[in-house]
Amino acid sequence: MAGADGDDSLYPIAVLIDELRNEDVQLRLNSIKKLSTIALALGVERTRTELLPFLTDTIYDEDEVLLALAEQLGNFTMLVGGPEYVHCLLPPLESLATVEETVVRDKAVESLRKISQEHSPVDLEVHFEPLVKRLASGDWFTSRTSACGLFSVCYPRVSSTVKAEIRQHFRTLCSDDTPMVRRAAASKLGEFAKVLELDYVKSDIISLFTALASDEQDSVRLLAVEACVSIATLLPQEDLETLVMPTLRQAAEDKSWRVRYMVADKFSELQKAVGPEITKNDLVPAFQNLLKDCEAEVRAAAANKVKEFCENLPEDNREQIIMTHILPCVKELVSDTNQHVKSALASVIMGLSTILGKENTIEHLLPLFLAQLKDECPEVRLNIISNLDCVNEVIGIRQLSQSLLPAIVELAEDAKWRVRLAIIEYMPLLAGQLGVEFFDEKLNTLCMAWLIDHVYAIREAATCNLMKLVEKFGAEWAQNTIVPKVLGMANDPNYLHRMTTLFCINALSEVCGQEITTKQMLPVVVKMASDQVANVRFNVAKSLQKIGPVLDNNALQTQVKPVLEQLKADSDMDVKYFAQEALTVLALA
Amino acid sequence: MSSAATTSPSVDKVDGFSRKSVRKAKQKRSQSSSQFRSQGKPIELTPLPLLKDVPAPEQPELFLKKLQQCCTVFDFMDTLSDLKMKEYKRSTLNELVDYVTVSRGYLTEQAYPEVVKMVSHNIFRTLPPSDSNEFDPEEDEPTLEASWPHLQLVYEFFIRFLESQEFQPSIAKKYIDQKFVLQLLELFDSEDPRERDYLKTVLHRIYGKFLGLRAFIRKQINNIFLRFVYETEHFNGVAELLEILGSIINGFALPLKAEHKQFLVKVLIPLHTVRSLSLFHAQLAYCIVQFLEKDPTLTEPVIRGLLKFWPKTCSQKEVMFLGELEEILDVIEPTQFVKIQEPLFKQISRCVSSPHFQVAERALYYWNNEYIMSLIEENSSVILPIMFANLYRISKEHWNPAIVALVYNVLKAFMEMNSTLFDELTASYKSDRQREKKKEKEREELWKKLEDLELKRGLRSDGIIPT
């Protein structure tokens with residue numbers, strides 16, 4: 001410490017370390033988060049010789065502090081003097097990688113992976129790889145778990161002898177006697193396979209994969225399914241049948257629903273990885289089984305994949321496969337007993353119409369859409385409505401409009417406000433699909449009714465909806481259909497409705513343009529400035545501020561300014577405040 | 001335009017229909033194991049004569065046949081299928097339960113594998129999906145196992161079998177092996193409390209009778225707990241497993257093996273971090289106290305562990321921690337107390353000044369505990385300075401009058417214990433606060449300087465200021 005140089009001597013390490021040892025966790029945490037500042041103050045040499053040993057020795061703290069430390073150290077390379085010295089960071093990170101708390105350990109591994117790239121090949125063998133080995137043969141499961149995530153980053157850059165050792169370590173961890181380590185190994189299997197030479201993939205990885213996929217614990221088996229995707233991508237087509245498929249078939253029929261769920265969840269990736277031939281012969285029947293699975297969880301996961309699976313089928317006999325194998329299962333799912341299954345299906349089923357074309361859609365899919373539009377569960381109906389655009393492209397929405405309308409009306413009046421909110425959000429989309437006439441005739445009343453809903457969130461969404469409709473249909477339409485109704489509410493006895501008028505004006509003025517705003521909206525706002533309710537009055541001030549930019553200078557000076565002046569002298573504090581704010585923003589003060 | 005953009009709610013937050021909900025199963029009142037694929041075919045069992053109706057020499061043979069019949073498993077979610085056969089199996093199981101309880105000489109060597117096979121076929125199954133995300137065991141009704149009418153009898157039978165006088169572990173260990181135990185432990189995740197209760201008894205009996213499996217059972221319970229703490233936070237049978245462990249710990253020989261100490265520090269203590277602690281806290285605290293009664297030198301690591309995992313935001317858990325700590329203090333040895341009193345009372349001091357009155361109240365109740373009071377009194381010269389500032393402050397500003405009253409009592413107790421020190425602390429209260437403030441200011445300045453330095457360095461390395 002005595003030999004400190006330059007301005008660094010201003011900051012004796014003791015003071016800084018005191019900060020890192022502060023009794024208050026929050027302060028300690030703050031200090032650790034600014035560890036880079038401390039390192040900077042110390043300079044690279046003292047960071048290496050004093051700060052890092054201190055950190056390594058005192059690793060026993062709150063997990064939150066350790067997490068921050070693990071993260072910081074990943075970005076410390078320059079602060080210890082660049083890649084040449086990066087290995088100094090290994091000891092503290094090694095200790096952090098053995099900590100119990102998963103998030104700390106994961107962060108330490110992440111940082112180790114990051115700085116591994118900054119090691120030269122020599123340093124990697126001299127410093128990094130021995131660390132991985134130590135972790136891999138640690139006593140407590142945490143260090144072995146961490147080791148699993150480090151093999152793949154050093155493997156490509158070490159000599160072949162060291163490579164052989166790494167493979168051996170990975171093999172050992174795959175058959176570790178604690179399931180936690182086996183899970184960690186299984187989850188890194190795909191990643192590790194990617195950096196291995198193809199021969200070793202075939203000789204080593206496949207046997208590990210097969211073993212993990214038949215582990216006694218389903219939590220391990222299901223991770224092997226994930227690895228299956230990467231492994232299948234690496235292997236040449238002719239090897240897939242013998243090396244991968246037996247295991248995949250077994251997973252698709254596993255006695256644990258969690259494993260089957262995983263297969264369903266990864267189905268599209270698996271399909272791409274194994275290619276069209278195997279898809280036709282194996283995956284189609286497997287997919288049928290998953291769609292008919294006894295657990296709703298699995299069916300829902302598979303139902304979610306229906307569209308993607310069909311899309312990726314080989315084009316030459318896609319239609320035939322869908323019509324004879326997939327569609328019958330889909331039909332059954334429409335009347336599934338579980339609402340999550342139905343709603344998963346409803347969120348993708350419309351996508352089939354583009355794949356199957358107009359005739360098939362009308363004949364086979366339309367009845368399903370109609371059935372789902374009448375489903376008892378609002379989520380199912382909503383999912384259908386939210387995807388109408390796919391069908392519109394293929395058969396036009398008119399085919400559906402007869403059933404659509406009752407479904408929309410029912411959702412619009414649903415007792416749950418979240419359901420009402422969801423349907424409001426689809427209104428602009430529906431308006432675009434259905435056209436202005438249909439809209440005026442059937443849906444306009446609904447849109448206006450939402451403005452006086454008793455839930456604020458609905459009124460707010462309804463206001464925003466009006467704006468989007470005007471964007472679609474234009475100012476003239478607004479002037480004829482919605483503006484008069486909105487302005488009419490200004491005389492409503494309920495002050496909440498009067499405020500809604502103001503909120504609508506806020507939303508509509510810009511899309512309606514200067515003329516409508518000045519001639520129709522402004523007089524109403526001005527009149528409301530003498531409302532009895534203070535909340536209405538200060539919202540008048542806010543509205544004036546909002547619509548000000550749309551108005552011309554004349555209107556601002558002759559109409560807006562006097563009103564704001566009047567409100568500025570209001571007896572209510574909030575009214576005064578917002579009037580003043582509007583005057584300032586509009587530069588009328 | 002801009003107004004609409006700012007006032008419209010974020011769709012993701014307001015929309016109650018995010019995709020995630022797809023994965024949560026709807027709450028059902030009862031559930032069946034996840035093993036039935038639509039079978040369709042009705043099940044036929046050929047009725048056998050009653051055991052008591054055949055001559056004794058023929059009974060073992062018939063017993064085996066009945067066991068084989070009972071391997072057939074029925075689908076209870078379909079309430080209408082196989083009604084007659086379900087009833088037949090139920091009565092057969094009942095008969096088997098009675099038979100193993102009263103009969104003698106039935107347990108031939110051939111019977112063991114058949115019994116284990118029948119039990120395995122019935123109880124070992126993949127548990128169905130649960131609504132772990134939404135399920136609140138304190139509020140919601142547990143989902144019950146649909147096949148309970150049969151399952152209960154199978155468990156009943158198995159327990160009678162294990163408890164039977166004729167039962168010989170030396171033969172049974174060939175069949176009740178590690179794999180069997182592993183599957184049994186997985187069943188503790190069952191949502192049905194009735195099933196977990198039976199499992200508890202079964203595991204207890206197996207632990208008691210199969211010495212060769214003990215270490216394995218403990219290790220697997222370790223794994224279940226570690227997974228529960230660090231991976232899933234979901235496992236229904238934690239309380240039951242802890243209850244078994246409570247009596248296992250009771251039987252540990254002294255001195256404790258390193259394995260057991262490791263279990264305490266690396267598994268039981270971290271269990272305190274789990275969100276659903278309230279569901280098994282009583283059993284956990286019991287295990288901890290058992291350990292400390294066995295070996296008082298473990299007190300320090302245990303209390304340090306609790307302090308490390310002290311709840312930061314959950315007041316309900318904080319109250320539980322305080323309760324457990326009092327249980328520990330009830331059995332603490334004065335020599336151990338001295339070792340941890342400083343960190344311990346720093347935490348208690350924070351609890352006493354908690355704005356949550358239940359936390360403050362629970363901590364202040366320590367002063368009603370005679371044994372704790374005697375410990376505090378012996379060490380008042382250390383404890384009083386730690387506690388004083390917070391007590392003094394909240395006696396003036398806590399919102400809850402009951403807390404203020406309790407704090408007054410505590411202050412009074414301290415004053416009586418050590419009036420000289422008390423007066424000194426009162427006198428220096430103000431200057432101490434000022435010193436703290438000054439220190440705080442110095443810290444801020446230090447950091448400001450450091451940040452300026454960083455800025456300068458940053459500019460320099462960008463080449464703006466030449467080095």
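Since we're looking at a predicted model, the values are computed, not measured.

A. Representation of the overall build of chain A. Scanning chain A from terminus to terminus reveals 34 helices and 0 strands. Relative to the compact-globule value of 25 Å for 589 residues, chain A shows a C-alpha radius of gyration of 33 Å, a clear excess of over 25%. Seen through its C-alpha atoms, chain A measures out along the principal axes to roughly 85 × 80 × 35 Å. Taken over 589 residues, chain A has a buried fraction of 60%. Surface accessibility of chain A: about 23,600 Å² in total, with carbon and sulfur atoms responsible for 51%. The positive charge centre, built from 58 side chains, and the negative charge centre, built from 84, are 4 Å apart in chain A.

B. Local environment of the domain arrangement of chain A. Under the domain assignment, chain A is made up of domain 1 (9-118) and domain 2 (474-588). Here the C-alpha centroids of domain 1 of chain A and domain 2 of chain A sit 57 Å apart.

C. How the structure looks around the nonpolar core. Membership of the largest hydrophobic core comes to 371 residues, with the highest contact counts inside it found for Leu564(A), Phe63(B), Ile206(B), Phe225(B), Leu268(B), Trp367(B) and Phe414(B). For this core, the element with the most residues is helix α17 (residues 267-291) of chain A, which contributes 11 residues. For this core, the two domains that each supply at least three residues are domain 1 (9-118) and domain 2 (474-588) of chain A. Discounting residues that sit within four places of it in the chain, Trp367(B) has contacts with Phe345(B), Ile348(B), Val352(B), Met373(B), Ile376(B), Met387(B), Val410(B) and Phe414(B). Formed by 7 residues, the second largest nonpolar core is a distinct cluster that contains Ile43(B), Phe74(B), Tyr88(B) and Ala146(B).

D. Representation of helix α6 (residues 102-116) of chain A. The end-to-end C-alpha distance of α6(A), which contains 15 residues, comes to 21 Å, matching closely the 21 Å that a straight helix rising 1.5 Å per residue would cover. Taken together, the buried residues of α6(A) touch α4 (63-73), α5 (90-96), α7 (121-136), α8 (141-148) and α9 (151-154) of chain A together with α10 (214-232) of chain B.

E. Examining the environment of Lys568(A) more closely. Residue and element names in this part refer to chain A. Within the secondary structure, Lys568 sits in helix α33 (residues 553-568). Between the C-alpha atoms of Lys568 and Val540, which are 28 residues apart in sequence, the distance is 12 Å. The residues contacting Lys568, other than those within four sequence positions of it, are Lys576, Ala579, Gln580 and Leu583.

F. Molecular detail of the confidence of the model for chain B. Residue and element names in this part refer to chain B. With 87% of its residues at a pLDDT of 70 or more, chain B shows a mean pLDDT of 85. Of the regions scoring below 50 in pLDDT, residues 1-28 engages in 52 contacts with residues more than four places distant in sequence or in other chains. Every residue in residues 463-467 scores below 50 in pLDDT, and together they form 5 contacts with partners more than four places removed in sequence or on other chains. The ipTM for the predicted assembly is 0.81, set against a pTM of 0.81.

G. Fine view of the pattern of salt bridges. Residues and elements named next belong to chain A. In total, this model carries 56 salt bridges over all chains according to the counting rule given. The partner of Lys342 in a salt bridge is Asp375, and the shortest N-O contact between them spans 3.3 Å. Placement of the pair is Lys342 in helix α21 (residues 339-346) and Asp375 in the loop between α22 (352-373) and α23 (378-386), with a sequence separation of 33 residues. Note on accessibility: Lys342 and Asp375 belong to one class, buried.

H. Molecular detail of the UniProt feature "domain: Phosphatase 2A Regulatory Subunit A helical" (unreviewed entry) in chain A. Under the present numbering, the feature "domain: Phosphatase 2A Regulatory Subunit A helical" (unreviewed entry) in UniProt falls on residues 89-270 of chain A. Helix makes up 79% of residues 89-270 of chain A and strand 0%, and the two end C-alpha atoms of the span are 39 Å apart.

The rules behind the values
Starting from 1, residues in each chain are numbered consecutively following that chain's sequence as written. Here the convention is simple: chains get letters from A, ligands get numbers from 1, in the order in which they are written. At least 70 in pLDDT is required for a residue's local features to be given in this predicted model, at least 80 for side-chain atom pairs to be given and counted, and no such filter applies to totals for whole chains, interfaces and linings, which use all residues. As a convention, hydrogens and water are excluded, and side-chain values are obtained from all of the structure's heavy atoms. Here a strand is any run of E in DSSP of at least two residues, a helix any run of H or I of at least four, and the numbering for each starts at the N terminus. Taken over C-alpha atoms, the radius of gyration is set against a globule rule of 2.2 Å times the number of residues to the power 0.38. Buried means the residue's accessible area, taken with a 1.4 Å probe over protein chains only, is under 20% of the maximum for its type, while exposed means over 50%, and partly exposed covers the values in between. Per-residue accessibility takes into account occlusion by the displayed protein chains alone, with areas from the Shrake-Rupley method and a 1.4 Å probe. Within this scheme the basic residues Lys and Arg register as positive and the acidic residues Asp and Glu register as negative, but His and the chain ends are omitted. To locate a charge, take atom NZ for lysine, CZ for arginine, CG for aspartate or CD for glutamate. Delimitation of the domains relies on an automatic or database domain assignment. We define the nonpolar core as a collection of buried residues of types Ala, Val, Leu, Ile, Met, Phe, Trp, Tyr and Cys that are connected through side-chain atoms lying within 4.5 Å of one another. Any pair of residues with heavy atoms lying within 4.5 Å of one another is described as a contacting pair. By definition here, a helix of n residues has an expected span of 1.5 Å times n minus one. On a range of 0 to 100, pLDDT expresses the predictor's confidence in each residue. Salt bridge criterion: a side-chain nitrogen from Lys or Arg within 4 Å of a carboxyl oxygen from Asp or Glu. UniProt positions are given in the numbering used here, feature names are shortened, and annotations may be inferred rather than shown by experiment.

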